[in-house]
Amino acid sequence: MTDAMTPTAPYTVVGEPDAVREVMRRSDDFAPTNALTSVVPLAPPALRILSRARFALPPVLASATGARHRAVRKLVGAFFTPAKVARIAPQVRELARERLTGLEAALAVGPVDLVRAVAAPIPPIIMAALTGQPNPELDVLKRWSRDSLELFWGWPDTERQVELARSAAEFHLWLRGEVLASRGRDSLFGVLHGAGLTTEEVCSLGYFLVIAGQETTSQLISTALFRGLADAGWPGLADPAAATAHVRHVLATESSVHTWRRQAVRETVLDGTALPAGAEILLELSGRHGEDAGPTAYSLAFGHGLHRCLGAKLAELETALVVAETAAAYPDLHPAGPAPDWLRLLSFQAPTTVLAARGPR
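So, here is what we can say about the structure in this document. In this text, all values refer to a predicted model and were calculated from it rather than measured experimentally. (Residues numbered from 1 in each chain as written. Predicted model: local features only at pLDDT ≥ 70, side-chain atom pairs only at ≥ 80, totals over all residues. Heavy atoms only, no water.)

1. Points about the overall build of the protein chain
- Counting its secondary structure elements, the protein chain contains 13 helices and 12 strands.
- Over its C-alpha atoms the protein chain spans a radius of gyration of 20 Å, differing by no more than 12% from the 21 Å that the globule rule assigns to 361 residues.
- With respect to the three principal axes, the spread of C-alpha positions in the protein chain is 60 × 50 × 45 Å.
- Counting the 361 residues in the protein chain, one finds 54% classified as buried. (Helix = DSSP H or I, 4+ residues; strand = E, 2+ residues; numbered from the N terminus. Rg over C-alpha atoms; globule rule 2.2 N^0.38 Å. Buried < 20%, exposed > 50% of the residue type's maximum accessible area, 1.4 Å probe, protein only.)

The following block contains the structure:
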C-alpha cells in the first residue's frame with residue numbers, strides 16, 4: 001500500500017490484487033460511502049445550481065450497503081441476467097455491422113474516428129433495449145455523461161465546476177422526468193418505483209447507472225480498438241476468441257474504470273498496516289496484475305463481492321463483438337493522425353478519439 005495525493009485529498013492506495021479483493025470482501029470494515037463523492041469539494045456556486053435542480057444522490061446501489069442494497073441489486077440484476085445478455089448479442093453484432101458498412105465512403109477519403117463511429121453510439125442503444133428506458137439524443141447523452149464524470153471524478157476549478165454543474169442539473173432534470181413517466185411500466189425505473197423506491201432514490205440510482213451502462217463501455221471499446229489497431233495482429237482479432245482474449249487483456253491492464261474508492265468504517269488493519277477510521281482508500285482495479293496473473297485477472301476490473309458490476313458480462317461482450325466485427329470488416333485498418341488525447345480522471349480513462357485509416361501502415 002502507498003499514500004497518493006490528489007490536489008485535495010490523500011488516499012491510501014491499494015494495488016495488490018488480493019488486497020483489493022480483501023477490501024471489497026470486508027464490507028463491514030470498508031464501506032462504499034465515498035464511491036460517488038466528488039473528488040474536489042464542490043464550491044458554493046456549483047452547489048447552488050445543483051440545489052435549484054433538486055439534485056440529490058441518496059445511497060441506493062453503488063454507495064449503499066446492507067439488506068436494502070441487496071434487494072435493489074437483485075431488482076437491477078434481473079435486467080442483466082446472463083440469458084438476457086446472450087440474447088442481445090445479435091443486436092450488438094448487427095449494429096456494429098451497420099455502423100461499419102457506413103464507413104466505406106469515409107475511409108476511401110481518409111481517416112475516421114472509431115470512437116464516434118462505433119464506440120460511442122452502440123452501448124446506449126443496447127442499454128435502452130435491456131432496461132426499457134429511452135435515451136436522450138446521443139450527443140446530449142455523451143455530454144451529460146462526460147461532464148458528470150469530470151464533476152465527480154475530476155479536479156475542476158470553481159469556474160469549471162459551475163459549467164459542469166449546469167450540465168449535471170440538466171441531466172438530473174431530464175432523468176427526473178423519465179423516472180416519473182416510468183411509473184407502472186415494465187422498465188427498470190418502473191420496476192424500482194413499483195418496489196417502493198422513492199423518486200429521489202430512483203433518480204440517484206439512474207443517474208450513475210445511465211452513465212455506467214453506456215459511457216464506461218464506450219470507453220472500454222475505445223481503448224480496445226486503439227490498442228488492437230496499434231498491434232500487428234489486428235487482422236487476427238476478427239476471430240471471436242482472439243477478440244475476447246484481447247478485451248480481457250485490456251481489462252487487466254488499463255480498464256476504463258481503473259480505480260474505485262472505499263472508506264474505512266472503523267480503525268482496522270489491512271495487509272499488516274493500521275488504518276484509522278475514515279481512511280480514504282483508492283483501489284487499483286486494473287494495471288497491477290503481474291506477468292504470472294491467472295486467466296481471470298481481468299475480472300477484477302469489474303470489482304469484487306457485493307458491489308461487483310452488474311453489467312460486467314455485457315460490457316465484455318459488447319466490446320469483444322465490436323472489436324471482432326471491426327477487424328473482420330477492415331483488416332487493413334491502422335492508426336492514423338497524431339496520438340489521441342486521453343480522458344484521465346481519478347477512476348476513468350480512455351482515448352477521446354481513435355483515428356484509423358486503410359491501407360499499408
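2. As for helix α4 (residues 82-101)
- For α4, spanning 20 residues, the distance from its first C-alpha to its last is 29 Å, which sits close to the expected 28 Å at 1.5 Å a residue.
- In the structure, α4 departs most strongly from a straight axis at alanine 89, where the bend amounts to approximately 30° and where the proline proline 90 lies between one and four residues downstream.
- Among the residues of α4, Val85, Ile88, Ala89, Val92, Leu95, Ala96 and Leu100 are the ones counted as buried. (Expected span 1.5 Å × (residues − 1). Bend = angle between axes of the 7 residues up to and from the residue.)

3. Looking at the sheet that holds strand β4 (residues 112-113)
- Spatial strand order, β4-β12-β9: 3 strands in an open sheet with antiparallel pairing. This sheet does not close on itself; its edge strands, each paired only once, are β4 and β9 (333-335). (Pairing = 2+ DSSP bridges.)

4. Quick word on the environment of alanine 329
- Tracing the sequence through the fold places alanine 329 in helix α13 (residues 312-329).
- The sequence separation of alanine 329 and alanine 238 amounts to 91 residues, and the corresponding C-alpha distance is 8.3 Å.

5. Observations concerning the pattern of salt bridges
- For the structure shown, the criterion picks out 18 salt bridges.
- Note that glutamate 215 and lysine 142 form a salt bridge whose closest N and O atoms lie 3.1 Å from each other. In this pair, glutamate 215 sits in helix α11 (residues 199-229) while lysine 142 sits in helix α8 (residues 138-153), placing the two residues 73 residues apart along the sequence.
- Overall, the relative accessible area of 6% leaves glutamate 215 in the buried class.
- A salt bridge links glutamate 254 to arginine 227; the shortest N-O distance between them is 2.4 Å. Pair noted here: glutamate 254 is in helix α12 (residues 240-254) and arginine 227 is in helix α11, with a separation of 27 residues, a long-range link.
- Connected through salt bridges with shared partners, the residues Glu22, Arg26, Asp29 and Arg266 form a single ionic network. (Salt bridge = Lys/Arg side-chain N within 4 Å of Asp/Glu carboxyl O.)

6. Overview of helix α7 (residues 122-131)
- Of all 10 residues making up α7, 7 are buried, and the element is well covered by its neighbours.
- The set of residues buried in α7 consists of Ile122, Pro123, Pro124, Ile126, Met127, Leu130 and Thr131.
- Close packing links the buried residues of α7 with α4, α6 (114-119), α8, α10 (188-194), α11 and α13.
- In the segment just after α7, glycine 132 is the residue with positive phi, at about 75°. (Contact = heavy atoms within 4.5 Å.)

7. Looking at the nonpolar core
- Counting residues in each nonpolar core, the largest one holds 112 residues, and the members touching the most others are Val76, Leu114 and Trp153.
- At 14 residues, the largest contribution of residues to this core is made by α11. (Core = buried A, V, L, I, M, F, W, Y, C linked by side-chain atoms within 4.5 Å.)

8. Remarks on the packing of aromatic side chains
- Enumeration according to the criterion identifies 15 aromatic pairs in this entry.
- Geometrically, the ring pair formed by phenylalanine 55 and phenylalanine 152 is stacked, given 6.2 Å between the ring centres and 20° between the ring planes. Of this pair, phenylalanine 55 sits in the loop between α2 (44-52) and α3 (66-77) while phenylalanine 152 sits in helix α8, placing them 97 residues apart in sequence. Of the two residues, phenylalanine 55 and phenylalanine 152, neither departs from the other in class, the shared state being buried.
- Residues tryptophan 144 and tryptophan 174 carry aromatic rings whose centres are separated by 5.8 Å and whose planes lie at 45° to one another, so their mutual orientation is tilted. Linking tryptophan 144 in helix α8 with tryptophan 174 in helix α9 (residues 158-181), this pair joins segments that are 30 residues apart in sequence. By the burial criterion, tryptophan 144 is buried, and tryptophan 174 matches it.
- Taken together, Phe55, Trp144, Phe152, Trp153, Phe171, Trp174, Tyr207, Phe208, Trp260 and Phe348 form an aromatic cluster joined through their ring pairs.
- The ring of phenylalanine 79 has lysine 84 sitting right over it, with the charged end atom 5.5 Å from the ring centre. (Phe/Tyr/Trp six-rings, centres within 6.5 Å; stacked < 30°, edge-to-face > 60°. Lys NZ or Arg CZ within 6 Å of the ring centre and 35° of its normal.)

9. So, unusual backbone geometry
- Unlike most non-glycine residues, arginine 54 shows phi in positive territory, near 55°.
- In this structure, arginine 54 sits in the loop between α2 and α3.
- The class for arginine 54 is exposed, based on a relative accessible area of 54%.

Keep in mind these values describe shape, not function.
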